Amino acid sequence: MLSTFRQNGETEIQKEGRFRCQPHCNRDRLENQALLVCKSSTMVFITEFRILLPMTPDECRIGHLYAIDEASRDETGGGEGVEIVENVPFDATRFPVVNTLSGQPKKITKGQYTHKIYHVASKVPAFIRLLAPKGSLEIHEKSWNCFPFVRTEISNPDYMKDGMKFTIDTIYAEGKGEEENIHELPPDLLCQRQIDFIDIAKDAVSQADYKEDEDPTKFTSEKTGRGPLVGDWKETQNPIMCCYKLVSFEFMWWGLQTKVEGVMKRAERRILLNLHRKLFCRMDKWHGMTIEDIRAMEEKTKEDLQKMLQKGDVRGMVEK
């Protein structure tokens, strides 16, 4: 863990996704903190994924919801996949504030609240299946979409209970991912943060995940003329924006922290890469849709997923 710290501190974003100490961090203090963490039974890992997309934040809002809807269908069948428990508007009378990793709750006026259950018994690595009792591998996801900010909390209340805390704070913003601290993290968390740029065109996709119709290097939008994403596409595409996804994972089972942390990092990066490739390559399907169109589509998907869970074969990604 300590080997991830650079001797002189780094002041520029590492495009290869390496750890960066902030200029104001003190190395000795960080090493002492890291040693304390390593000696405890709890480890907290904070990674900020930055994903550039050739679109505006408002377009991304629609495209992201469309891509999630389609991905939910792709992942559901044979008793496993996505169950939508609740997908409803909310205002301050139900959720007056929404938590953030920065510790400064956001006061909100309205948004969309979703509660989903992911049935993943055969999709997790074998060592987790061996440890978890039958019927315990149900992951709950609760999300507060207050665009351009979204808070997502993931838990396993039936088995892990408070032994796992997994949160994602997302902010959609114009630009090329150059905001130093868009999530307003305090100094102690800022020093722990790792930055990982995801390039939807250049980053490697596994053979199992690759789909030619979801390859940004081969897609050109008929509606917008954007794409294909080749060469130094981030410098030539206009408009361009960034999804800043701040992921925090805390696992409190002694002896398994490092292994589980590695699995979660790989899985989250894989999900985000595949999802945002789909988002871009489905542009001609969602471009021009309204938020009302999306909500109607989501309502139908909720009904369809209930039926899909009960039939067919297990579908989608499996984490090894």
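See above for the structure.
Here is a short report on the structure shown in this document. The residue numbers shown here count from 1 along each chain, following its written sequence. Given that the model is predicted, a residue must reach a pLDDT of at least 70 before its local features are reported, and side-chain atom pairs must reach 80 or more before they are shown or counted; all residues, however, enter totals for whole chains, interfaces and linings. Side-chain numbers come from the whole structure's heavy atoms, not from hydrogens or water.

**Points about the overall build of the chain**
Along its length, the chain carries 8 helices and 10 strands. Note on classification: 1.4 Å probe, protein chains only; a residue is buried when its accessible area is under 20% of the maximum for its type, exposed when over 50%, partly exposed between these limits. Classification of the 320 residues of the chain by burial places 50% in the buried group. By definition, residues are in contact when any of their heavy atoms lie within 4.5 Å. Residue pairs in contact within the chain that sit at least 24 positions apart in sequence constitute 74% of those at least 6 positions apart. Under the convention used here, a 1.4 Å probe and the Shrake-Rupley method define accessible areas, while residue burial counts only the protein chains that appear. When the accessible surface of the chain is split by element, carbon and sulfur atoms take 52% of a total near 16200 Å². Elements are defined by DSSP. Helices are runs of H or I of four residues or more, strands are runs of E of two residues or more, and each kind is numbered from the N terminus.

**Section: the packing of helix α2 (residues 57-74) against helix α8 (residues 291-309)**
Two quantities define a packed helix pair, namely the angle between the axes and the distance from one axis to the other. Across the interface, α2 lies against α8 with an axial gap of 10 Å and an inter-helix angle of 10 degrees. With respect to each other, α2 and α8 are oriented roughly parallel. Residues Arg61, Ile62, Leu65, Tyr66, Asp69, Ser72 and Arg73 of α2 lie in contact with α8, whose contacting residues are Ile291, Ile294, Arg295, Met297, Glu298, Lys300, Thr301, Asp304, Leu305 and Met308. By the convention adopted, Pro, Cys, Tyr, Trp, Phe, Met, Ile, Leu, Val and Ala count as nonpolar, Lys, Arg, Asp and Glu as charged, and the other residues, Gly among them, as polar. Per-class residue counts for the contact of α2 with α8 are 8 nonpolar, 2 polar and 7 charged. Convention adopted: a line fitted to C-alpha atoms gives each axis, helices being fitted over their contacting stretch, and angles between N-to-C directions are expressed from 0 to 180 degrees. In this scheme, roughly parallel covers angles under 35 degrees and roughly antiparallel covers those over 145, while 65 to 115 is roughly perpendicular and the rest are oblique.

**Focus: unusual backbone geometry**
A cis geometry characterises the amide bond from phenylalanine 147 onward to proline 148, with omega recorded as 10 degrees. For proline 148, the location among the structural elements is in the loop between β6 (138-146) and β7 (149-155). The step from asparagine 238 to proline 239 runs through a cis peptide bond, and the omega angle for that step is 5 degrees. Mapped onto the elements, proline 239 comes out in the loop between α5 (233-236) and β10 (241-251). The backbone of lysine 161 sits at a positive phi, close to 50 degrees, despite the residue not being glycine.

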